[in-house]
Number of protein chains: 4
Amino acid sequence: MRACERKAMTPPVKVAVVGASGYSGEELVRLLLGHPRVELAALTSRQYAGQTLAQVFPKFASHPRSKEVRLSEPNAELLAKAAQIVFLALPHGVAVAFAAPLLDLGCQVIDLSADFRLKSAALYREFYGHDHPAPALLEKSVYGLPELNRLQIKQAALIASPGCYPTSILPPIIPLLKEGLIKSTGIIADSLSGVSGAGRKAEPECLFVECNESVRPYGIPKHRHLSEIEEQLTAVAGAPVIIQFTPHLVPINRGIVSTLYLAPEKHFAGQSEAAALHEQIAACYSGAYGNEPFVRLLPAGALPDTKNVAGTNVIEIAWRLDPRTGRLIVMSALDNLTKGASGQAVQSMNILCDFPETTGLAW
Amino acid sequence: MRACERKAMTPPVKVAVVGASGYSGEELVRLLLGHPRVELAALTSRQYAGQTLAQVFPKFASHPRSKEVRLSEPNAELLAKAAQIVFLALPHGVAVAFAAPLLDLGCQVIDLSADFRLKSAALYREFYGHDHPAPALLEKSVYGLPELNRLQIKQAALIASPGCYPTSILPPIIPLLKEGLIKSTGIIADSLSGVSGAGRKAEPECLFVECNESVRPYGIPKHRHLSEIEEQLTAVAGAPVIIQFTPHLVPINRGIVSTLYLAPEKHFAGQSEAAALHEQIAACYSGAYGNEPFVRLLPAGALPDTKNVAGTNVIEIAWRLDPRTGRLIVMSALDNLTKGASGQAVQSMNILCDFPETTGLAW
Amino acid sequence: MRACERKAMTPPVKVAVVGASGYSGEELVRLLLGHPRVELAALTSRQYAGQTLAQVFPKFASHPRSKEVRLSEPNAELLAKAAQIVFLALPHGVAVAFAAPLLDLGCQVIDLSADFRLKSAALYREFYGHDHPAPALLEKSVYGLPELNRLQIKQAALIASPGCYPTSILPPIIPLLKEGLIKSTGIIADSLSGVSGAGRKAEPECLFVECNESVRPYGIPKHRHLSEIEEQLTAVAGAPVIIQFTPHLVPINRGIVSTLYLAPEKHFAGQSEAAALHEQIAACYSGAYGNEPFVRLLPAGALPDTKNVAGTNVIEIAWRLDPRTGRLIVMSALDNLTKGASGQAVQSMNILCDFPETTGLAW
Amino acid sequence: MRACERKAMTPPVKVAVVGASGYSGEELVRLLLGHPRVELAALTSRQYAGQTLAQVFPKFASHPRSKEVRLSEPNAELLAKAAQIVFLALPHGVAVAFAAPLLDLGCQVIDLSADFRLKSAALYREFYGHDHPAPALLEKSVYGLPELNRLQIKQAALIASPGCYPTSILPPIIPLLKEGLIKSTGIIADSLSGVSGAGRKAEPECLFVECNESVRPYGIPKHRHLSEIEEQLTAVAGAPVIIQFTPHLVPINRGIVSTLYLAPEKHFAGQSEAAALHEQIAACYSGAYGNEPFVRLLPAGALPDTKNVAGTNVIEIAWRLDPRTGRLIVMSALDNLTKGASGQAVQSMNILCDFPETTGLAW
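Residues numbered from 1 in each chain as written. Chains lettered and ligands numbered in written order. Predicted model: local features only at pLDDT ≥ 70, side-chain atom pairs only at ≥ 80, totals over all residues. Heavy atoms only, no water.

### Quick look at the overall build of chain A
When its secondary structure is counted, chain A shows 13 helices and 14 strands. In summary, chain A has a C-alpha radius of gyration of 21 Å against a globular reference of 21 Å for 363 residues, a match within 12%. Here the C-alpha coordinates of chain A stretch approximately 65 × 55 × 45 Å along the principal axes. Of the contacts formed within chain A by residues at least 6 apart in sequence, a portion of 68% connects residues at least 24 apart. A total of about 12,900 Å² of accessible surface is found on chain A, and carbon and sulfur atoms cover 53% of it. With 33 positive and 33 negative side-chain charges, chain A shows a separation of 5 Å between the mean positions of the two kinds. (Helix = DSSP H or I, 4+ residues; strand = E, 2+ residues; numbered from the N terminus. Rg over C-alpha atoms; globule rule 2.2 N^0.38 Å. Contact = heavy atoms within 4.5 Å. Areas by Shrake-Rupley, 256 points an atom, 1.4 Å probe, with all protein chains shown as cover. Lys, Arg positive; Asp, Glu negative; His and termini not counted. Charge placed at Lys NZ, Arg CZ, Asp CG, Glu CD.)

If you want it as structure tokens, here you go:
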């Protein structure tokens, strides 16, 4: 039986998006409308309940289903009846209220908020300032970084899909840390984010005039996303990892660049040492990501650029050893709404559903 | 036999792109790489000959074929051996030198330049300042606007694919003119174009610093594209049509908005006259485009926006009757590289190959 | 006595800005802080009352007075005690409540809102949907376009400073209309505005992500600013003038381009007729604006560009006769916050105070 | 004698700009045209020789002198006759050919290129790949950072005005280093630059379409500007300083943000240690820059933003101690064409001429 036949015979998986009118909700809708193996069975939005997809998002109005699909008030029971897999594209702190009932009703939940990304309830309290409302779910959830966690994702009922900053930082660091090529101390992540990362919030600092011709750091030195980055690195290193993380806002719609400052375990003063280390790092990345469809290890001479990943689920990675400083500089670029949010969530869904992992995701 | 089976059995059509490194060449590559029914058999670029697709366009480097496809020097005989359909994405005046030999060698040619868009060699001379080098081909070529010319495209050997300005202006006007709802005199097209419309030319006026925070008219009052717009309108009206066309450059990558000032044939001073005319125009557009997959007639209250068509082959159209001035204002938006260039060329190819017209073109 | 001595001896004029935290308020602050003949005696802002200028606007924090000047709650009596001239940079409909008491208290008022720009209370009702709350003031107010109304401004107690669209449209048209060179019928103004024109409103359509890579018409066909444009043109023409006005939003911070479609009174079919008309128009503009410091009549071959007027009080004007269509195309560019709002208001203040008109306004 | 009288009596200093058509040349022209104490006596540009200032820069066409000042071919003898102070706004490697003859002819030279910024000819060779053509001038030149080098600038014949990156990096670091508050090792400077930093070069990577929606690192790890940064820091530290410098390109016209990662000499684990260190750093910056008109030490809670310094000669500085990592993060923002190039050069000129240092430079 040829692939196309099997595909034609399998009924589509029914999926729902809760919080469809934010930027990551909109990106989920875009990807799921174009996904050949799923049916967008329910969309919710408090603000736009009752309107069709075509009315809320004119850009989707040429899709055959845009005039029949209507956004509705979010309701766990109706969602569970309509869909097998539910994506939560809600603000942090709101997702948790939907996840528990949906799980109880038998849905698989892919949450794009930060609500279930931490394992440690204590860490959650430290960074979010209050107790986690459903700590049992923290244990149950799987951190949805497919390149590093594929097997657990396959079995998960609740996937905590990582945010844009962690996705730009963890994949470049983890293989090096795992193989002991870098120290777990002194790590710096300097990140530049496009404005959609702030969500579709009508706040003055997100206005066009305030962002255009503006470049600025923010949230320094203790941004909330630090917690999930450090928890993941700590798990890999087997010892507490504390990093420096400095986000900046740059005037693009989509994209994150992270520049990572790392200390190789070995000194590489001489040329032959440098060459050896170079080979080890290249082998490490190639081993980890050589076959990953969404990790683009850039060739010698190339550096990441957000415009080369916009709208795709790809993360670009490049690196340089600096013999003058003894550091390893790793740079990554991704689209914060795709690989940094909704594309990655769809990638996890593909794993969960046993679809080819690239299904519905542009190269 | 189900569609998917037939598709699996049909060998892909081999296509080539001459001039693959310009912006419309790059957009053709993007669309053709994702097209399920064609094989990108040859790509040419004088500047990048010998390099792989992945090297020239890092953004395509995650496509499975990007490391095997190489750009080559353009050579009509090799192209004709490699491909059945050849897209010419060359500067105006250069395409003509490739079209003739490729046609002689049996290829079907889809030309994205202005070289074959006029029927009249005299008009060509007036607007381009020299005689057309292959006037016989002017007669043979078909103006590749699928919504208006589908049948001729199906039979064509040489398709002159319209440019971005004409595509934003002709489809909104032609149905009204055909049905006699507007006068053929006094038409004004005021257009705003993104910077990619100027091509990938390293000229000072296209530098970031010169375009960012800049809005400016140019090429006024006698832009070259006037000739093809007027020739098409004249053919529809059955009498010479002269229009006013004022292009402006705006700081976006992709997109054109055209605002068209039209004079209804009938006065509509009273409310009932206005209502009647409103109905006629709505019926006219609905009849012309109601079933067109790539024409989006906007609902009441909505207006076109380039961000809603970016990366798609869609043209958005909205219109308003102004009882104060007696005018009909029609507004359109499209992506100058997709519906305004490469997407439209692929749409013509789909017609030529008897593929469903939306194949490989995002909604 | 040399100018510099007189200047040194004259005490500065005390001025106040009501509504200092919006974009035109901020631009007023910028211009008045740098103005050598005035003292910024009071600033009001409900939102930021109690904070210093340096706190509210970090960009002004290096000005010597930024740490001593505090924003306060608006209060007419306190304002009248502090300042001789009061600028109102308030939303439409709010300014009127401050103008009356301030005038009663003996201040001169320069209002940047639309509240006093119309002479006709009936027209106000038609366009704003309710009766004008202080119709007597409509008669008293002077339309503050210095190039056309200098003498009245000099005597005015209440100046209604024109908005950005009218300022981009009226000066290019009025001299031609006055001299009978163009018809008063069929005028079209197609305008492109930067996003600051919408004010510092935290509304979704003004977010960076919604404006960047977006070009779109809006407010078509009956924008409110039509009323003041038409009233002014009607006064000049001596007969009712109705125009077509189509605003568009473009992704720049500052700037407006207006493209005006005008019909010359005389036909100019032949070359000599065209040459004669060309000379008449050139003479008309030169006579009207040849000595105006803030009107830049562009030389042959040049066209307006917002980047050439950003931050200045200059309006650029260029024009083309089109022998093919018989039309005269006039194009203008200005900075919507400077010549289109606050710079123009300062220009009026200079006239009012008998300062050289360019004082404090960059060339 | 009052200031205004003295000013009126002092004849203006005659200045020239060599290379007036690049971005820093244009910014010099803007500043010098508005400077009350100088006369722009000569402007050179190979490309535009013979044209007036108004023709080359329409944006300056409303300045009274723009139609009389003409750009000319560069010629040292004519320049020396026309002007006392000559600004060189030429590409690196070209300035050196003009500096020597101009100095011999008695001019004072302010060079904006990198040609005279290093003291060490060996370092020059390492970073530029060839011997310095006039090593004697390296010794003679003064590094023109007014906040750190005011006295030497006052006496200088040849001022090497620092570039945009060094100006964003050195002033935030040097006072800390001088006072021994930070280690001289392990310094990282992560910088984000607007596109005008690349100059007005018609190269593909500077095109609007290539920069808009693009954020990307470049020149990593050994950018040329490292040499002058390290030489200056080495001089202060009294021991060789090697830093990490990672520039990125961001889509704004003007502006640089640098984020500096520094290691305090003292650990500050406890709260009281942190408070003490905090006070020391605050005192250090306040002592160094509290009275500097162009250094803006941001108040607690504020962070730098390029939009707050655009068009001004101000550098904004903010800093944070991170008790979690033990690091001091210092962030700066400036306009790369003003404080990072031409404004700083004018500031040096003011010192050289004994003008108040802020003359002609907006706050």
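### Considerations on the packing of aromatic side chains
Any two aromatic rings considered together are summarised by their centre-to-centre distance and by the angle between their planes. Residue and element names in this part refer to chain C. Considering all chains together, one arrives at 20 aromatic pairs over all chains under this definition. Measuring from centroid to centroid gives 6.4 Å for Tyr-285 and Tyr-289, while their planes differ by 25 degrees, and the two rings are stacked. One end of the pair, Tyr-285, and the other, Tyr-289, are both in helix α12 (residues 271–289), four residues apart, so they sit about a helical turn from each other. According to the relative accessible area criterion, Tyr-285 is buried, its value standing at 1%. (Phe/Tyr/Trp six-rings, centres within 6.5 Å; stacked < 30°, edge-to-face > 60°. Buried < 20%, exposed > 50% of the residue type's maximum accessible area, 1.4 Å probe, protein only.)

### Things to note about the nonpolar core
Formed by 90 residues in total, the largest nonpolar core has its most connected members in Leu-32, Phe-87 and Met-349 of chain B together with Leu-32, Phe-87 and Met-349 of chain C. With near-sequence residues (within four places) excluded, Leu-32 of chain C lies in contact with Val-15, Val-17, Val-38, Leu-40, Phe-87, Val-346 and Met-349 of chain C. Phe-60 and Val-314 of chain A together with Leu-192 and Val-314 of chain D belong to the second largest nonpolar core, which has 89 residues in total. (Core = buried A, V, L, I, M, F, W, Y, C linked by side-chain atoms within 4.5 Å.)

### Regarding helix α11 (residues 226–237) of chain D
Residue and element names in this part refer to chain D. Look at α11: 16 Å from first C-alpha to last across twelve residues, which is about the 16 Å you get at 1.5 Å a residue. Those residues of α11 not exposed but buried are Leu-226, Ser-227, Glu-228, Ile-229, Glu-230, Glu-231, Gln-232 and Leu-233. Next to the buried residues of α11 lie α6 (121–128), β6 (142–143), α9 (164–178) and β10 (244–249). Gly-238 occupies a position one or two residues after α11 and carries a positive phi of about 75 degrees. (Expected span 1.5 Å × (residues − 1).)

### Considering the relation of the copies chain A and chain D
The transformation that overlays chain A on chain D combines an axial shift of 0.0 Å with a rotation of 180 degrees, and the residual RMSD is 0.0 Å. This pairing of chains is accounted for by a two-fold axis. A shared interface surface links the copies, since 100% of the contact residues of chain A are contact residues in chain D too. (Least-squares fit on C-alpha atoms with pLDDT ≥ 70 in both.)

### With respect to the interface of chain B and chain A
Each partner contributes residues to the interface: chain B has 22 residues there, and chain A has 22 residues. Of the roughly 1,900 Å² buried where chain B meets chain A, counting both sides, 58% is carbon and sulfur surface. On the chain B side of the contact with chain A, Lys-59, Ser-62 and Trp-363 of chain B bury the most area, a combined 36% of that side's loss. Summed over the shared surface of chain B and chain A, the result is zero salt bridges. At the boundary of chain B and chain A, one finds eight residue pairs in polar contact (both at pLDDT 80 or more). Breaking the side of chain B that touches chain A down by element, the ones donating at least two residues are α1 (3–9) and α2 (23–33) of chain B. (Buried area = accessible area lost by both parts, 1.4 Å probe. Salt bridge = Lys/Arg side-chain N within 4 Å of Asp/Glu carboxyl O. Polar contact = N/O pair within 3.5 Å; in protein donor to acceptor, adjacent residues only side chain to side chain.)

### Re the pattern of salt bridges
Residue and element names in this part refer to chain D. Applying the stated criterion across every chain yields a total of 80 salt bridges over all chains. Note that Glu-27 and Arg-30 form a salt bridge whose closest N and O atoms lie 2.9 Å from each other. With Glu-27 and Arg-30 both in helix α2 (residues 23–33) and three residues apart, the pair spans about one turn of that helix.

### Comments concerning the environment of Ala-89 of chain C
Residue and element names in this part refer to chain C. Here Ala-89 is to be found in the loop between β4 (85–88) and α5 (95–104). With relative accessibility at 12%, the residue Ala-89 sits in the buried group. The spacing of Ala-89 and Gly-287 is 198 residues in sequence and 33 Å in space, taken between C-alpha atoms.

### Notes on the pairing of strand β5 (residues 108–111) of chain C
In summary, the side chains of a regular strand alternate between the two faces of the sheet. Residue and element names in this part refer to chain C. Here four bridges tie β4 to β5, and the two strands are oriented parallel to one another. Looking at β5, one finds that Ile-85 is bridged to Gln-108. Handedness of the crossover joining β4 and β5 through α5: right-handed. For β5 and strand β7 (residues 158–160), the ladder comprises three bridges, and the chain directions are parallel. Residue pairing for β7: Ile-110 is matched across the bridge by Ile-159. (Pairing = 2+ DSSP bridges. Right-handed = clockwise from strand over helix to strand, strands pointing away.)

### Section: the interface of chain A and chain D
Taken together, the contact pairs 46 residues of chain A with 46 residues of chain D. The junction of chain A with chain D conceals about 3,800 Å² of combined surface from both sides, 57% of it contributed by carbon and sulfur atoms. On the chain A side of the contact with chain D, Glu-213, Val-215 and Arg-324 of chain A bury the most area, a combined 19% of that side's loss. Taken together, chain A and chain D are joined by six salt bridges. Here Arg-324 of chain A ties to Glu-230 of chain D by a salt bridge, and the two come within 2.4 Å at their closest N and O atoms. Linking chain A to chain D there are 28 residue pairs in polar contact (both at pLDDT 80 or more). Every element with two or more residues in the side of chain A that touches chain D is listed here: β8 (188–193), α10 (208–211), β9 (216–217), α11 (226–237), β10 (244–249), β11 (256–262), β13 (315–322) and β14 (327–334) of chain A. Partitioning the side of chain A that touches chain D into residue classes produces 23 nonpolar, ten polar and 13 charged. (Nonpolar A, V, L, I, M, F, W, Y, C, P; charged D, E, K, R; others polar.)

### Concerning unusual backbone geometry
Residues and elements named next belong to chain A. Backbone torsion omega between Ile-220 and Pro-221 reads 5 degrees, so that peptide bond is classified as cis. The residue Pro-221 is located in the loop between β9 and α11 in this model. Of note in the backbone geometry, Asp-354 takes a positive phi value of approximately 65 degrees without being a glycine. When you line up the elements, Asp-354 lands in the segment after α13 (338–352).

### Thoughts on helix α8 (residues 146–155) of chain B
All names here are of chain B. Within the span of α8, buried status applies to Pro-146, Glu-147, Asn-149 and Ile-153. All buried residues of α8 project into a common sector of 120 degrees when viewed along the axis, lining one side. Exposed residues on α8 whose side chains face more than 90 degrees from its buried face are Leu-151 and Gln-155. Those residues of α8 hidden inside the fold are in contact with β6 (142–143), β7 (158–160), α12 (271–289), β12 (295–297) and α13 (338–352). (Arc of directions from axis to C-beta.)

### Quick notes on the packing of helix α9 (residues 164–178) of chain A against α11 of chain A
Residue and element names in this part refer to chain A. The interhelical angle for the contact between α9 and α11, taken along N-to-C directions, is 15 degrees, at an axis separation of 10 Å. Comparing their axes, α11 and α9 come out roughly parallel. The two elements α9 and α11 meet at a crossing, and its hand is right-handed. Counted together, Pro-166, Ile-169, Leu-170, Ile-173, Ile-174, Leu-177 and Lys-178 of α9 and Glu-228, Ile-229, Gln-232, Leu-233, Val-236 and Ala-237 of α11 form the full contact between these two elements. (Axes fitted to C-alpha atoms, helices over the stretch in contact; angles between N-to-C directions. Parallel < 35°, antiparallel > 145°, perpendicular 65-115°, else oblique. Left-handed = near helix turned anticlockwise from the far one by under 90°.)

### What to know about the sheet that holds strand β10 (residues 244–249) of chain C
Across a sheet, strands are paired by hydrogen bonds formed along the backbone, either parallel or antiparallel in direction. Residue and element names in this part refer to chain C. On the basis of which strands lie adjacent, the open sheet formed by seven strands has the order β9-β10-β8-β11-β14-β13-β12 and mixed pairing. Of all strands in the sheet, those with a lone pairing partner are β9 (216–217) and β12 (295–297), marking the two edges. Running over the sheet, helix α9 (residues 164–178) touches β8 (188–193), β10, β11 (256–262), β13 (315–322) and β14 (327–334) and is turned about 35 degrees from β11. Each of β12, β13 and β14 is contacted by α12, which is oriented at about 165 degrees to β13, the strand it contacts most.

### Regarding the environment of Lys-183 of chain D
Residues and elements named next belong to chain D. Residue placement: Lys-183 occurs in the loop between α9 and β8 (188–193). With relative accessibility at 30%, the residue Lys-183 sits in the partly exposed group. Sequence separation of Lys-183 and Val-241 is 58 residues, and the distance between their C-alpha atoms is 9.8 Å.

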